[in-house]
Amino acid sequence: MNAATLVDLNDSQSVNQALNSLYKVGLAGLGACARVQQETNTLFKVLVTKGEEAQARLNKQVSGQVNLAEERLEGAVKEAKGTWNKAGSILQGSLSQLLRQLGIASRNDIDKLSQLVEKLDHSVLELSEARKFNGPSAV
């Protein structure tokens, strides 16, 4: 065997050792591939789980922000309605006071007057009917 040759091909024991070593190297490569595949599957499962957890936390945070925004919006709407109602009441009160100062009758005054006119009309009609029935001196 010379220095350039690693295995003496005429020595069966050397050849068997070299083949056995080559076989073990092949098995180690195959084992490495299997280990990488196993680790990749495990890593993938871990990453999916971490992704699901992150999504759940994000959904919870977003949901909390949405709820907070809805509550603030409801408060703003209530406040705006209250302000609008107050402004309407103030305007109505001021307008009613101005109409009274100008001597213009309110809706309530007109309704009362209408009722009085109806009663008066009814009374006049009754008197008119009584005169027709009893004559002019009966009233």
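Residues numbered from 1 in each chain as written. Predicted model: local features only at pLDDT ≥ 70, side-chain atom pairs only at ≥ 80, totals over all residues. Heavy atoms only, no water.

Draft legend 1. Layout of the overall build of the protein chain. Counting its regular elements, the protein chain contains two helices and zero strands. Since a compact globule built from 139 residues should have a radius of gyration of about 14 Å, the 52 Å found for the protein chain marks it as more spread out than a globular shape. In terms of overall dimensions, the protein chain has a C-alpha envelope of 165 × 40 × 20 Å along the principal axes. Taken over 139 residues, the protein chain has a buried fraction of 1%. Total accessible area on the protein chain is roughly 12700 Å²; 60% of this is exposed by carbon and sulfur atoms. (Helix = DSSP H or I, 4+ residues; strand = E, 2+ residues; numbered from the N terminus. Rg over C-alpha atoms; globule rule 2.2 N^0.38 Å. Buried < 20%, exposed > 50% of the residue type's maximum accessible area, 1.4 Å probe, protein only. Areas by Shrake-Rupley, 256 points an atom, 1.4 Å probe, with all protein chains shown as cover.)

Draft legend 2. Examining a nonpolar patch on the surface more closely. Residues Leu 95, Leu 98, Leu 99, Leu 102 and Ile 104 make up a contiguous nonpolar surface patch of about 440 Å² in total accessible area. Mapped onto the elements, Ile 104 comes out in the loop between helix H1 (12-101) and helix H2 (107-134). Judged by relative accessible area, Ile 104 falls into the partly exposed class, the value being 43%. (Patch = residues over 30% accessible without salt bridge, like charges linked within 9 Å, V, L, I, M, F, W, Y side chains within 5 Å. Salt bridge = Lys/Arg side-chain N within 4 Å of Asp/Glu carboxyl O.)

Draft legend 3. Structural detail: the pattern of salt bridges. What the rule picks out here adds up to one salt bridge. Residue Glu 39 is joined to Arg 35 by a salt bridge in which the shortest nitrogen-to-oxygen separation is 3.2 Å. One end of the pair is Glu 39 and the other is Arg 35, both in helix H1 and four residues apart, which spans about a single turn.

Draft legend 4. How the structure looks around H1. Spanning 90 residues, H1 covers 131 Å between terminal C-alpha atoms, matching the ideal 134 Å at 1.5 Å per step. Where H1 ends, the next residue or the one after it, Gly 103, has phi of about 80°, a positive value. (Expected span 1.5 Å × (residues − 1).)

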